[in-house]
Amino acid sequence: MMAEDNLINGIGRLSRRINAVVEQSLFGLGALMIAIVAAQVFFRYVLNHSLFWSEELARYILVWLTFLGATVAYRRGVHPRIDLFVHRLGPRGARAMRIGAHLVAMAFLGMLVIYGAQFAYFVRLQISPALQIPKWTVMLVLPISGMIILLHALAAVVSELRERTS
Amino acid sequence: MTAEALIITLLVLFALNAPIAIAIGGASVVGILVQGDFQMMVMAQRMFGGTDSFHLLAVPLFMFAGALMEAGGISRRIIDLANALVGWLPGGLAAVTIVSAMFFAGISGSAAADAAAVGAILIPAMKKSAYDSDFSAAVLASGGSIGVIIPPSIPMIIFGFLTGASIGQLFAGGILPGLLVGISLIVVATVISRRRGYGATVPFSVRHVGRTFRQALLALGAPLIILGGILLGIFTATESAAIAVVYALVVSMAVYREIQWRALPKILIDASVTASVVMFIIAAASIFSWIAAIEELPARLAGALLALTTDRVFLLLLINLILLIAGTFVETTAALILLVPMIVAMLPALGVDLVQLGVIVVTNLAIGMLTPPMGICLIVAGTISGDRLGAIAWRIGPFLLVLLIDLMIVTFYAPLTMWLARMVAH
């Protein structure tokens, strides 16, 4: 039981630590996004000299913010759902429902990890038009975020199951 | 076969209480499997393509602006001004709540979050002034849900992104319907308040208006930049959102000094998470709308509806009904992405402009957020006021009724939307 407990605590701790890092990166991405779009407006309207790279970079930051933010939202449990009859179930039924929803999510995110990685490999030779960076570096956020959500879901399922046994 | 698989999987995953984004993504994956012509890698390509958009940058940027305005005292000063302007009416606080909730509803992009922010200030104030708490909650819910037709509006940005309609024209088109809705809600609240004897908060005084106006002067700059820039055709929605963020940062950190440097990360992180909830639904729904389009699902559904009737009035009423029901159960972004392709396929038979259709669609989904048993704004308002859903659902009746009348006006009187929309450069 000791080894098992250590593993379970380890998953929970890893989920917490990775989430803290991702939250900090959201702050960085958000601040960067504001700065870039504001700079684009300043250059275009004030200096009359449009930046050629700002739009593409801002879009890529949006993609990163979307998928990394979705991992934090998953951990916080704020992705909207349709609660048609969860509240009519008893505590055991509701827990089974929650675990089931995590398993559905894990199946989908598992596919995102596999096919996101495959897609990043598929575009490995493509270079972005304005910034001239390899496109796979942008695509990589899909499998990375998929793995992080898988971890959060696993931690949530494990803690639900442990509550049942204790 | 693929269409059936898509719809059935979607409903099953919704019923299993999976997050909406994951239910939509999961159904799409099953659809791709059943269809069989494509490599599964296309799911990742679509999710990336769905979020890689300069227009959609406006979503997180408006949310940053809204969060900063709220934390930095800009929102509070605007509420004070609203109180000076309409607080002298019978049930003045109810009118203030409607004005404030509508004003802020579009800004952060999450009607529920905005209703919560305004409600946290005004519901306790109404309770202190001896308003019934279920009435207070009904007022908050109705103002907070319908506010998304007033620009800036995240659902309108998404409608523009989906259909290619000009976001600036959509914003302009929402202004007069928004005023109509605001005034009619205030009339309902005032009539009810007078009957129940709720008093005014403050007597009307020009000096009070003048003082709160001076205090709110800088605060009003943020909405002015957003609206002016877009309506005059100077900035795109995304650009004006970025300027609004910078403006809100400067005013709340350097002038009002209500946000400390160390509070900034949490504000930006929380707003990023709210934005990515919307964006993640868009990402997943991008797979869905792609496979649905390949199977010509929107056109087939539109054809089925057109087979029922080709009368434009009946069709418009039918669409309104479908949207109202969808808006009650499904989150706004998801409802937009799932239904708009089908509705746009009927555009020639409807005889309305794409911009007016956008305002009709958004108005419907907004009313859906208020409709029992599932309306999200109703649930949020009840949570803040501490009332059972059943009690508020009863109080919401008169507000809902007047909103439905407004909806019919928006649907069948085109100039209300199009008069201002046509003034904006495409």
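What counts, and where the lines are drawn
Residue positions are counted from 1 within each chain, in the order its sequence is given. Chain A is the first chain written and ligand 1 is the first ligand written, with later ones labelled in order. In keeping with the predicted nature of the model, local features appear solely for residues at pLDDT of at least 70, side-chain atom pairs appear and are counted solely at 80 or more, and the whole-chain, interface and lining totals rest on all residues. In computing side-chain values, all of the structure's heavy atoms are included and hydrogens and water are not. pLDDT measures the predictor's confidence residue by residue and takes values from 0 up to 100. Where helices and strands are cited, they refer to DSSP runs of H or I of at least four residues and of E of at least two residues respectively, numbered from the N terminus. When checking whether two residues touch, look at their non-hydrogen atoms; a contact exists if any pair is within 4.5 Å. When two parts are put together, the accessible area they lose, computed with a 1.4 Å probe and summed over both, is reported as buried area. The rule for a salt bridge is simple: a side-chain nitrogen of Lys or Arg has to be within 4 Å of a carboxyl oxygen of Asp or Glu. Three classes are used: nonpolar for Ala, Val, Leu, Ile, Met, Phe, Trp, Tyr, Cys and Pro, charged for Asp, Glu, Lys and Arg, and polar for all others, with Gly counted as polar. Relative accessibility thresholds used throughout: buried, under 20% of the residue-type maximum; exposed, over 50%; partly exposed, between the two (1.4 Å probe, protein chains only). Axis lines are fitted to C-alpha atoms, over the contacting stretch for helices. Their N-to-C directions set the angle, which ranges from 0 to 180 degrees. If an angle is under 35 degrees, it is roughly parallel; if it is over 145, roughly antiparallel; if it lies from 65 to 115, roughly perpendicular; otherwise it is oblique.

A. Seen up close, the confidence of the model for chain A. Scored by pLDDT, chain A has a mean of 89; 95% of the residues are at 70 or more. Least confident of the elements in chain A is helix α1 (residues 2–46) of chain A, whose mean pLDDT is 89; most confident is helix α2 (residues 54–76) of chain A, at 94.

B. Summary view of the interface of chain A and chain B. With 54 residues of chain A in contact, the opposing surface of chain B contributes 54 residues. When the two sides are added together, the surface that chain A and chain B hide from each other amounts to roughly 4,900 Å², 81% of it contributed by carbon and sulfur. Together, A:Ile34, A:Ile82 and A:Phe108 form the three largest contributors to the area buried by chain A at its contact with chain B, with a combined 15%. Taken together, the connections running from chain A to chain B amount to 3 salt bridges. Here B:Asp270 makes a salt bridge to A:Arg76, at a shortest N to O gap of 2.9 Å. Mapped by element, the contributors of at least two residues to the side of chain A that touches chain B are α1, α2, α3 (91–122) and α4 (136–139) of chain A. For the side of chain A that touches chain B, the element with the most residues is α2(A), which contributes 15 residues. Classifying every residue of the side of chain A that touches chain B by side-chain character gives 39 nonpolar, 8 polar and 7 charged.

C. Focus on the pattern of salt bridges. Counted by the stated rule, this structure contains 9 salt bridges over all chains. One salt bridge in this structure joins B:Asp52 and A:Arg59, with 2.7 Å as the shortest N-O distance. Taken together, the residues B:Asp52 in the loop between α3 (42–51) and α4 (58–71) and A:Arg59 in helix α2 connect one chain to another. Relative accessible area serves as the criterion here: at 18%, A:Arg59 is assigned to the buried category. Between B:Arg196 and B:Asp132 there is a salt bridge, and its shortest N-O distance comes to 2.8 Å. In this pair, B:Arg196 sits in helix α10 (residues 167–196) while B:Asp132 sits in the loop between α7 (111–128) and α8 (133–146), placing the two residues 64 residues apart along the sequence. One connected set of salt bridges, linked through shared partners, spans A:Glu23, A:Arg76, B:Lys266 and B:Asp270.

D. Broad picture of unusual backbone geometry. With omega at -5°, the peptide bond leading from B:Pro151 into B:Pro152 counts as cis. Residue position: B:Pro152 is located in the loop between α8 and α9 (154–163). With phi around 60°, A:Asn48 is a residue other than glycine that occupies positive phi space. Assignment of secondary structure puts A:Asn48 in the loop between α1 and α2.

E. The arrangement of the side chain of A:Ser145 in detail. Mapped onto the elements of the fold, A:Ser145 is located in helix α5 (residues 141–165). When near neighbours in sequence (up to four residues on either side) are disregarded, A:Ser145 contacts A:Phe67, A:Leu68 and A:Thr71.

F. Fine view of the packing of α3(A) against α3(B). Viewed as axis vectors pointing N to C, α3(A) and α3(B) meet at an angle of 90°, and their least axial separation amounts to 8 Å. On the basis of their axis angle, the class for α3(A) and α3(B) is roughly perpendicular. Counted together, A:Phe108, A:Met111, A:Leu112, A:Tyr115, A:Gly116 and A:Phe119 of α3(A) and B:Met43, B:Ala44, B:Gln45 and B:Met47 of α3(B) form the full contact between these two elements. For the contact of α3(A) with α3(B), a count of residues per class yields 8 nonpolar, 2 polar and no charged.

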